[in-house]
Amino acid sequence: MAPEYADFSREEFEDRYARTRALMDEKNIDALLVTERLNYQYFTGHRSEQCAVDKIRSYVFILPKDGEPTLITMPFEVAQVEQTSYVTDIRTTGSLTGHPEFIVGVLGDLGLSRSRIGCELGREQYLGISYSGFRDIAEGLPLAELTDAADIILAVRNLKSPREIEYMRRAAVINAEAQVKTFNEVHAGMTENEVAKVLRRNLVAGGAEKISLLCVLSGANEKGIVLLPTDRVIRKGETLGFDVGVSWRGYWSDLARTASIGAPSAELSEFYRWMMQLRHDCNQQLRAGNRPADVIRVVDGYLAERGLETMGVGRVGHGVGIDTTEYPSLAAFEDVSFEPGNVFACNPNFSNHLGFINAEDNWAVTEGDPDLLSAPAAEWDIPVVDA
């Protein structure tokens, strides 16, 4: 029987498993052992609130190259698993200790004790268990080989389905609308923390399920940016910037906006418009067959014409999905080609005597033009906050 409250169809998960298994076959991996929270969520459909805050319990997903998947969870989570996940082989342990031994036992029951098992050991991957716990698993399976499968997980998660993209579009619209509303409600004389309170209220009222980052920045930032809102008072003649991540159904948006507090100076207006043109030309590179280096080439050309240098961040954007920021980076070193189903936040930005000048939207790669997810998009002329 299908779970009553699943976020996706059975076919969606079967497609994820099929793509994962194809890559496992290429790399001669017999099973995938997943312990990190969001990877577990991606492969099972089980979005556990407990898993996000409790590090004493293990949440594990096992995908054999052949056979049905298995998950390990707590007894009190079984009801939610059954309501949200298509995985029917559910193993539970109520113990707060001995998780490595339990995982070893499950892998043995599945006939994987002599197998090559892919784990979250490489780039941009983190284990959801302690290093010593992982070592105990390795020692408990002396005839198995635990190897890195990071590239498999990154590749599979990078290709979003139409339903995933629609969840991300909803998250992005909530985000964009709340930032516009907040610019219209705040004014000079408020503190950054007071502005953040208004922004947070508008995000939640608009439907945001979670907030991963909420940055409010005001004034000049020549030495870098201070992402945490403070009790600094925003003043006429300055800029006010937001950088915010919110989720819908477990999928994220990452948007930034900059406004002028009071009428902008001619210098600020010109620089903002220049940044927006740069941003536009970068976004137009988010097309199937292009590469991150094509985006960087646009940025380098604009910087050279103006005699500017990068802030040393190393990239001008990143993927978005069940993480606010995820693989791949929009960076020269990234050896990937864009495909329909990729989603990016592209935001070449500047921190200088004018403030933090940024306008970040989210885009899906299609067979044609990039698809804007975060309507209303950032305005070409800098928005104005009441002074």
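Note that the structure is predicted; figures quoted are calculated from it, not measured.

Looking at the element boundaries, Thr70 is found in strand E3 (residues 70-73). Residue classification places Thr70 among the buried positions, given a relative accessible area of 0%. Among the polar contacts listed, one links the side chain of Thr70 to the side chain of Asp89, at a separation of 2.7 Å.

With five of its five residues buried, strand E2 (residues 60-64) lies for the most part within the structure. The alternating pattern of E2 places Val60, Ile62 and Pro64 on one face and Phe61 and Leu63 on the opposite face, and all of these are buried. Alignment of strand E1 (residues 31-34) against E2, held across four bridges, turns out to be antiparallel. Of the residues in E2, the one forming a bridge with Val34 is Phe61. In terms of strand pairing, E2 meets E3 through three bridges, oriented antiparallel. If you follow Phe61 over to E3, its bridge partner there is Leu71.

Let us look at the sheet that holds strand E11 (residues 326-329). Strands in a sheet are paired, the pairing made by backbone hydrogen bonds, and the direction either parallel or antiparallel. Taking strand neighbours across the sheet as the criterion, the five strands line up as E11-E10-E12-E15-E16 in an open arrangement whose pairing is antiparallel. Single-partner strands in this sheet number two, and they are E11 and strand E16 (371-372). Where strand E15 (residues 361-364) and E16 come together, two bridges link them in antiparallel fashion. The residue of E16 that forms the bridge with Trp363 is Leu372.

Turning our attention to the layout of surface pockets. Counted as a void, the second largest pocket has a volume near 450 Å³. In terms of lining residues, the second largest pocket is bounded by 24 residues, among which Lys55, Arg57, Gly128, Ile129 and Ser130 are the most central. Along the lines of polarity and charge, the residues of the lining of the second largest pocket split into nine nonpolar, nine polar and six charged.

Moving on to the packing of aromatic side chains. Within this structure, the stated rule accounts for 16 aromatic pairs. On the basis of an interplanar angle of 85 degrees and a centroid distance of 6.2 Å, the ring pair of Phe8 and Phe13 is categorised as edge-to-face. An identical accessibility class is assigned to Phe8 and Phe13; each is buried. Between Phe13 and Tyr86, the ring centres sit 5.8 Å apart and the planes meet at 55 degrees, which makes this aromatic pair tilted. Remark: Tyr86 occurs in the loop between helix H4 (78-84) and strand E4 (89-92) and Phe13 occurs in helix H1 (residues 10-26); sequence separation between them is 73 residues.

Before going further, it helps to spend a moment on the state of the cysteines. By definition, a disulfide links the sulfur atoms of two cysteines through a covalent bond. Evaluated as defined, the whole model comprises zero disulfides. Cysteine Cys119 remains unbridged, with the sulfur of Cys51 as its closest cysteine sulfur at 17 Å. Taking relative accessible area as the criterion, Cys119 reaches 1% and is therefore assigned buried. Left unpaired, Cys346 is separated from the closest cysteine sulfur, that of Cys282, by 4.8 Å. You can call Cys346 buried: its relative accessible area is 0%.

Right, let's get into the nonpolar core. Counting 38 residues, the largest nonpolar core has Leu32 and Phe61 as its most contacted members. Looking at this core, the elements with two or more residues in it are H1, E1, helix H2 (37-44), E2, helix H7 (150-158), helix H8 (162-185), strand E9 (251-261) and strand E12 (343-346). Considering every element that reaches this core, the biggest residue donor is H8, with five residues. Residues in contact with Leu32, not counting those within four places in the same chain, are Thr20, Met24, Phe43, Phe61, Ile62, Leu63, Gly118, Ala149 and Ile153. If you look at the next biggest cluster of nonpolar residues, it comprises 28 residues, including Cys282, Ile296, Val316 and Ala359.

The subject of this paragraph is empty space enclosed by the protein. Summed over all chains, the structure comprises one cavity of 30 Å³ or more. Empty space within the largest cavity amounts to approximately 70 Å³. Around the largest cavity sit Asp7, Phe8, Phe13, Arg16, Gln41, Tyr42, Gly45, Arg47, Arg249, Tyr251 and Ile322, which together line it. Mapped onto the lining of the largest cavity, the elements with two or more residues apiece are H1 and H2. Residues belonging to the lining of the largest cavity are distributed by class as follows: five nonpolar, two polar and four charged.

So, how was this worked out
- Residues numbered from 1 in each chain as written.
- Predicted model: local features only at pLDDT ≥ 70, side-chain atom pairs only at ≥ 80, totals over all residues.
- Heavy atoms only, no water.
- Helix = DSSP H or I, 4+ residues; strand = E, 2+ residues; numbered from the N terminus.
- Buried < 20%, exposed > 50% of the residue type's maximum accessible area, 1.4 Å probe, protein only.
- Polar contact = N/O pair within 3.5 Å; in protein donor to acceptor, adjacent residues only side chain to side chain.
- Pairing = 2+ DSSP bridges.
- 1 Å grid on protein atoms, 1.4 Å probe; cavity = no way out; pocket = protein on both sides within 12 Å on 5 of 7 lines; lining within 4 Å.
- Points joined across faces, edges and corners; volume = space filled by probe spheres on them.
- Nonpolar A, V, L, I, M, F, W, Y, C, P; charged D, E, K, R; others polar.
- Phe/Tyr/Trp six-rings, centres within 6.5 Å; stacked < 30°, edge-to-face > 60°.
- Disulfide = S-S within 2.5 Å.
- Core = buried A, V, L, I, M, F, W, Y, C linked by side-chain atoms within 4.5 Å.
- Contact = heavy atoms within 4.5 Å.

That is the geometry; function is a separate question.
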